Amino acid sequence: MAAQLLADEEVELARVFGGQRTLGVALRTAGVVHAGAAGEALLRESVACLERSGVALERARSLTELGALLRRTNRRREARELLLEALDIAHRSGAAPLAAKAESEVRAAGARPRRAVLTGVAALTASERRVAELAAEGLTNREIAQALFVTMRTVEGHLTQVFAKLGVRSRRDLPVGLRTGT
């Protein structure tokens, strides 16, 4: 009860102060302390504030707490989406303890993430990377399939994943996407 009163006071003070980061952190604390539906609302507001403030790591912390709360209330599918996003942000930020917590929660929610990173070159599987490199060299799908002893459908599937993970729209953009690691 005392923790809730202190957390609520911190939120009020943060609202008066007006800083989105400060408010987001205070809302996260209040959300964890309150739990239940009230906690969920506070955590969702925290995520929104931190998204507006552009503080990715704090947002990842709030996403992790919200995902954990949703998992505990048996809303595993929604929890997994939030937790995977938190895991990606934490991993990219080099926040190993937060990444470990997010990964633990995502596994408890029933997901088995193959990779901590969801986008960029680090998210590519070995097969996706090889297909992307060959496509970037100018090989056609048929030539890639023959070189790797796979079907054209497999090549197409890998390229679809590569384009999504690298955030590119065409083969022409692949060399830059592979170099910059976006």
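Before reading on, note that the structure itself is shown above.
Here we summarise the structure given alongside this text. In this text, all values refer to a predicted model and were calculated from it rather than measured experimentally.

Criteria and cut-off values
- Residues numbered from 1 in each chain as written.
- Predicted model: local features only at pLDDT ≥ 70, side-chain atom pairs only at ≥ 80, totals over all residues.
- Heavy atoms only, no water.
- Helix = DSSP H or I, 4+ residues; strand = E, 2+ residues; numbered from the N terminus.
- Rg over C-alpha atoms; globule rule 2.2 N^0.38 Å.
- Buried < 20%, exposed > 50% of the residue type's maximum accessible area, 1.4 Å probe, protein only.
- Contact = heavy atoms within 4.5 Å.
- Areas by Shrake-Rupley, 256 points an atom, 1.4 Å probe, with all protein chains shown as cover.
- Core = buried A, V, L, I, M, F, W, Y, C linked by side-chain atoms within 4.5 Å.
- Expected span 1.5 Å × (residues − 1).
- Salt bridge = Lys/Arg side-chain N within 4 Å of Asp/Glu carboxyl O.

### Here's the deal with the overall build of the protein chain
Consideration 1: Per the secondary structure count, the protein chain includes ten helices and zero strands.
Consideration 2: Scanning the protein chain from its N terminus toward the C terminus, one meets helices and strands in the order α-α-α-α-α-α-α-α-α-α.
Consideration 3: Compactness check: the protein chain gives a C-alpha radius of gyration of 20 Å against a globular reference of 16 Å for 182 residues, more than 25% above the reference.
Consideration 4: Viewed in the frame of its principal axes, the protein chain has a C-alpha envelope of about 65 × 30 × 25 Å.
Consideration 5: A buried classification covers 41% of the 182 residues belonging to the protein chain.
Consideration 6: Counted over contacts in the protein chain with a minimum sequence separation of 6, partners at least 24 positions apart contribute 53%.
Consideration 7: As displayed, the protein chain offers around 9900 Å² of accessible surface, 54% of which is attributable to carbon and sulfur atoms.

### Some words on the environment of Val106
Consideration 1: Within the element layout of this structure, Val106 appears in helix α6 (residues 96–108).
Consideration 2: Expressed as a C-alpha distance, the spacing of Val106 and Leu82, which sit 24 residues apart in the sequence, is 8.8 Å.

### Some remarks on the nonpolar core
Consideration 1: By size, the foremost hydrophobic cluster in this structure holds 21 residues, and its most contacted members are Leu63 and Leu66.
Consideration 2: Mapped onto this core, the elements with two or more residues apiece are α3 (36–53), α4 (56–72), α5 (76–93) and α6.
Consideration 3: Here this core gets seven residues from one element, more than from any other, and that element is α5.
Consideration 4: Ignoring anything within four residues of it in the chain, the contact list for Leu63 reads Val47, Leu82, Leu83, Glu85, Ala86 and Ile89.
Consideration 5: Core analysis: the next-biggest nonpolar cluster, separate from the first, contains 15 residues, Val121, Leu134, Val162 and Leu166 among them.

### Examining helix α2 (residues 20–34)
Consideration 1: Here α2 spans 20 Å end to end across 15 residues, near enough to the 21 Å set by a 1.5 Å rise per residue.
Consideration 2: Taken together, the buried positions of α2 are occupied by Leu23, Gly24, Ala26, Leu27, Arg28, Ala30 and Gly31.
Consideration 3: Buried positions along α2 lie against α1 (2–17), α3 and α4.
Consideration 4: One or two steps after α2, the chain reaches Ala35, where phi turns positive at roughly 55 degrees.

### A word on α4
Consideration 1: The end-to-end C-alpha separation of α4 is 24 Å, in line with the 24 Å expected for 17 residues at 1.5 Å each.
Consideration 2: Taking burial as the measure, the 17 residues of α4 include 13 buried ones, the bulk of the element.
Consideration 3: Of the residues flanking the end of α4, it is Asn74, one or two places downstream, whose phi is positive at about 70 degrees.

### Thoughts on the pattern of salt bridges
Consideration 1: The full count for this structure, using the stated rule, is 17 salt bridges.
Consideration 2: Between Glu40 and Arg75 there is a salt bridge; the shortest N-O distance is 2.7 Å. Highlighted residues: Glu40 in helix α3 and Arg75 in the loop between α4 and α5, separated in sequence by 35 residues.
Consideration 3: By relative accessible area, Glu40 is classed as buried at 14%.
Consideration 4: In this structure, Glu133 engages Arg129 in a salt bridge whose closest nitrogen and oxygen atoms are separated by 3.0 Å. Linking Glu133 with Arg129, this pair stays in helix α7 (residues 126–136), spanning four residues, or about one helical turn.
Consideration 5: For Arg129, a relative accessible area of 32% corresponds to the partly exposed category.
Consideration 6: One salt-bridge network, in which partners are shared between bridges, spans Arg21, Arg28, Glu58 and Arg61.

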